[in-house]
Amino acid sequence: MMIDWLKKWAQETPDKCFITDYSDAESSQDYSFRDTYNMVKTREKLYAGPLKKEQRVALLADNSFAFFTLLYSLLLLKKEVLLLNTQLSLYEIENQAQELGIQTIFVAPELQEKIKNSTQPTLYWNSSRLSNQTASELPNRSYKSENIAVIMNTSATTGKFKSVPITWKMLDAHVKASAATIGVLPEDNWLVVLPMFHVSGLSIIMRTLYNGTHATILPHFDENLVLDLVSAGKINMMSLVPTMLKRLIDRLERHRLRMILLGGEFIPQPLITASRTKNLPIYKTYGMTETFSQSVTFNILDFPEKIASVGKALPGVKISIKNPDTTGAGEIWLDSPMLMDGYLGRSPLLDGFETGDIGRLDADGFLYVLNRRRDIIISGGENIYPKEIENLLYELPEIRECAVVPRSDSIWGQIPILYFSSDGASKFDETVKSYLTEKLAKYKLPHEFIRLDELPKNASGKILRKELK
């Protein structure tokens with residue numbers, strides 16, 4: 001079980017570098033498996049008493065060695081850890097914590113200012129830096145595969161978030177299926193630039209831990225630093241969303257990369273074509289929080305005739321197309337050991353998971369995603385649900401009607417645009433902007449606010465979003 005993996009590598013390869021951390025702006029720091037194990041054990045002993053009666057806690061932090069060691073120590077203590085998006089507003093953080101009955105929020109020092117005015121009953125402040133002393137051995141304990149390890153909240157079309165419980169069996173199944181699909185080399189060093197509070201980033205560090213290899217952690221995407229690491233041959237694997245690769249591809253000349261895992265949003269065909277021209281080892285992938293990251297993957301260099309697809313299923317993953325039309329396109333359903341049992345507080349899944357995406361399978365088992373979920377705006381890899389924004393706006397009595405729709409953008413892929421009609425004077429437009437800025441994460445904020453006398457509607461009074469798009 002995963003809980004033993006760190007101990008295993010600390011015993012078998014204690015001096016091997018596990019994490020290179022770039023969270024310090026001044027310099028990077030290397031941590032061996034022994035260093036990491038000792039830090040995790042130190043933190044575990046420190047928090048065992050204060051957290052004795054708590055089932056769930058929350059963690060608010062950007063990528064770092066401290067993030068990983070804190071998370072792992074909490075997992076050793078059998079705590080269910082809610083991973084909070086650092087872009088959330090205070091309003092959203094408090095709402096999520098309260099809904100899940102969480103009293104303790106661990107906050108990285110650089111983010112403490114963000115929630116200093118929180119009304120949360122209990123905040124457990126902690127420095128991200130502890131002395132890396134040798135910790136005494138603690139007794140082994142059993143962990144059931146169905147137990148929840150981490151919780152990730154995703155927005156819902158209703159505007160209220162849904163909580164995805166990531167269990168130990170999901171984590172265990174994922175890292176094994178991923179290793180079988182993309183392979184493992186002793187010299188592997190995987191760049192972790194996607195946030196670890198998302199499945200995209202957390203899955204990388206967990207794969208690295210399972211494989212006993214090396215990870216290089218960046219707190220945020222830094223184009224020049226990534227290019228320096230690639231050109232110097234310090235990393236040979238990285239996971240990116242298309243908007244990141246777009247910023248890198250023209251300058252990616254000299255490299256020893258064996259894999260670029262690319263997914264998280266719609267991948268423009270010109271980007272794939274440019275990658276093939278440069279002979280970049282792009283592995284397209286398709287997955288979601290509910291399936292703990294990748295369910296489908298393939299190397300475009302191995303299957304150039306399939307580049308329009310998102311790949312073939314990982315071991316153990318079953319894909320079905322329900323209610324297909326005459327072309328074979330229908331609703332994409334997934335089932336696998338990596339699939340959640342069901343959202344917290346909701347009915348369990350009984351017949352796989354309806355992704356909400358439309359696609360088809362070819363004769364060779366390659367999946368083609370034709371349309372993303374209805375109404376979702378995917379901006380820089382982040383899902384934005386219009387209903388969440390609209391629900392907030394309708395709390396303002398001056399708002400008569402509103403709709404948030406996507407607009408194509410060369411940098412972000414898509415950006416949200418707000419159309420609304422109101423009874424307020426022209427200065428009310430600024431009220432709308434300031435109100436949403438206070439309530440929403442920055443990436444969810446509309447890029448443009450357009451006031452209309454009336455929004456277009458059909459005969460039944462339903463707003464015609466297609467006309468607004």
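Residues numbered from 1 in each chain as written. Predicted model: local features only at pLDDT ≥ 70, side-chain atom pairs only at ≥ 80, totals over all residues. Heavy atoms only, no water.

Q: Let's hear about the overall build of the chain: which residues, and what values?
A: Secondary structure assignment for the chain yields 12 helices and 24 strands. For the C-alpha atoms alone, the extent of the chain along its principal axes is close to 70 × 55 × 45 Å. Per-residue burial for the chain yields a buried fraction of 56% across its 469 residues. Considering only intrachain contacts with a sequence separation of at least 6, the fraction spanning at least 24 residues in the chain is 62%. When the accessible area of the chain is evaluated, it comes to approximately 20600 Å², of which 49% is carbon and sulfur surface. Measuring between centres, the 55 positive side-chain charges of the chain sit 3 Å from its 56 negative side-chain charges. (Helix = DSSP H or I, 4+ residues; strand = E, 2+ residues; numbered from the N terminus. Buried < 20%, exposed > 50% of the residue type's maximum accessible area, 1.4 Å probe, protein only. Contact = heavy atoms within 4.5 Å. Areas by Shrake-Rupley, 256 points an atom, 1.4 Å probe, with all protein chains shown as cover. Lys, Arg positive; Asp, Glu negative; His and termini not counted. Charge placed at Lys NZ, Arg CZ, Asp CG, Glu CD.)

Q: Would you mind going over the nonpolar core in detail, with residue names and values included?
A: Leu-83, Val-150 and Ile-205 are the most contacted members of the largest nonpolar core, which has 75 residues in total. At nine residues, helix H3 (residues 65–76) tops the list of elements feeding residues into this core. Beyond its immediate stretch of four places on either side in the chain, Ile-205 contacts Phe-18, Ile-19, Phe-68, Met-196, Ala-215 and Ile-217. One finds Leu-218, Leu-271, Phe-298 and Phe-366 within the second-largest nonpolar core, a separate group that totals 32 residues. (Core = buried A, V, L, I, M, F, W, Y, C linked by side-chain atoms within 4.5 Å.)

Q: Describe the confidence of the model for the chain, naming the residues involved and giving the relevant values.
A: When the pLDDT values of the chain are averaged, the result is 89; 92% of them are 70 or greater. Contacts from residues 127–136, a stretch scored under 50 in pLDDT, to residues over four places away or in other chains number 23 contacts. (pLDDT = per-residue confidence, 0-100.)

Q: Tell me about the packing of aromatic side chains, and please be specific about residues and values.
A: Enumeration according to the criterion identifies 10 aromatic pairs in this entry. Within the aromatic cluster, the residues linked to one another by ring pairs are Trp-9, Phe-18, Phe-33, Phe-68 and Tyr-72. Positioned above the aromatic ring of Trp-333 is the side chain of Lys-322, whose terminal nitrogen or guanidinium carbon lies 3.8 Å from the ring centre. Cation over ring: Arg-360 sits above Tyr-368, and NZ or CZ is 4.2 Å from the ring centre. (Phe/Tyr/Trp six-rings, centres within 6.5 Å; stacked < 30°, edge-to-face > 60°. Lys NZ or Arg CZ within 6 Å of the ring centre and 35° of its normal.)

Q: With reference to specific residues and values, describe unusual backbone geometry.
A: For Asn-279, which is not a glycine, the phi torsion comes out positive at approximately 60°. Structurally, Asn-279 is set in the loop between helix H9 (269–277) and strand S13 (282–288). Here Asn-279 falls in the exposed class, since its relative accessible area comes to 52%. Positive phi outside glycine occurs at Phe-292, with the angle close to 45°.

Q: Tell me about the environment of Asp-188, and name the residues and values.
A: Within the element layout of this structure, Asp-188 appears in the loop between helix H5 (168–182) and strand S9 (189–192). We classify Asp-188 as buried; its relative accessible area is 4%. Here the alpha-carbon distance between Asp-188 and Ile-102, two residues 86 residues apart in the chain, equals 37 Å. Separated by 2.9 Å, the side chains of Asp-188 and Arg-258 make a polar contact. (Polar contact = N/O pair within 3.5 Å; in protein donor to acceptor, adjacent residues only side chain to side chain.)

Q: Describe in detail H9, supporting the description with residues and values.
A: Among all positions of H9, only Leu-271, Ile-272 and Ser-275 are buried. The arc that holds the buried residues of H9, viewed along the axis, is 100°, so those residues lie on one side. Exposed residues lying more than 90 degrees from the buried face of H9 are Pro-270 and Thr-277. The positive-phi residue at the C-terminal boundary of H9 is Asn-279, with phi of around 60°. (Arc of directions from axis to C-beta.)

Q: Describe the sheet that holds strand S22 (residues 399–409), naming the residues involved and giving the relevant values.
A: Judged by pairing direction, the sheet is mixed, and its three strands sit side by side in the order S22-S23-S24 without closing on themselves. The two strands at the open ends of the sheet, each matched to only one other strand, are S22 and strand S24 (448–451). Across the sheet, the mean angle separating the axes of adjacent strands is 25° when strand polarity is ignored. Bridge count between S22 and strand S23 (residues 413–422): 10 bridges; the pairing is antiparallel. Looking across to S23, one finds that Arg-407 is bridged to Ile-415. (Pairing = 2+ DSSP bridges. Axes fitted to C-alpha atoms, helices over the stretch in contact; angles between N-to-C directions.)

Q: So what about H3? Which residues, and what values?
A: With 12 residues, H3 should reach 16 Å at 1.5 Å per residue; the first-to-last C-alpha distance of 17 Å fits that figure. Listed as buried for H3 are Phe-65, Ala-66, Phe-67, Phe-68, Thr-69, Leu-70, Leu-71, Tyr-72, Ser-73, Leu-74, Leu-75 and Leu-76. (Expected span 1.5 Å × (residues − 1).)

Q: If you had to explain the packing of helix H1 (residues 5–12) against helix H6 (residues 199–211) to someone new, which residues and values would you point to?
A: Running from amino to carboxyl end, H1 crosses H6 at an angle of 45°, the nearest separation of the two axes being 8 Å. Of the possible angle classes, the one that applies to H1 and H6 is oblique. The crossing of H1 and H6 is left-handed. Listed contacts from H6 to Trp-5, Leu-6 and Trp-9 of H1 are Met-206, Leu-209, Tyr-210 and Asn-211. (Parallel < 35°, antiparallel > 145°, perpendicular 65-115°, else oblique. Left-handed = near helix turned anticlockwise from the far one by under 90°.)

Q: Help me get a handle on the packing of H3 against H6, residues and values and all.
A: One can describe the packing of H3 onto H6 by two numbers: an axis separation of 12 Å at closest approach and a directional angle of 75°. Between H3 and H6, the angle is such that the two are roughly perpendicular. Facing H3, whose interface residues are Phe-68, Leu-71, Tyr-72 and Leu-75, H6 presents Leu-202, Ile-205, Met-206 and Leu-209. For the contact of H3 with H6, the residue count by class is eight nonpolar, no polar and no charged. (Nonpolar A, V, L, I, M, F, W, Y, C, P; charged D, E, K, R; others polar.)

Q: Before we move on, can you summarise the side chain of Glu-92 with the specific residues and values?
A: Summarising the element assignment, Glu-92 is placed in helix H4 (residues 90–99). For Glu-92, a relative accessible area of 6% puts it in the buried group. Here the side chain of Glu-92 touches Ala-441 through a polar contact of 3.1 Å, landing on its backbone nitrogen.

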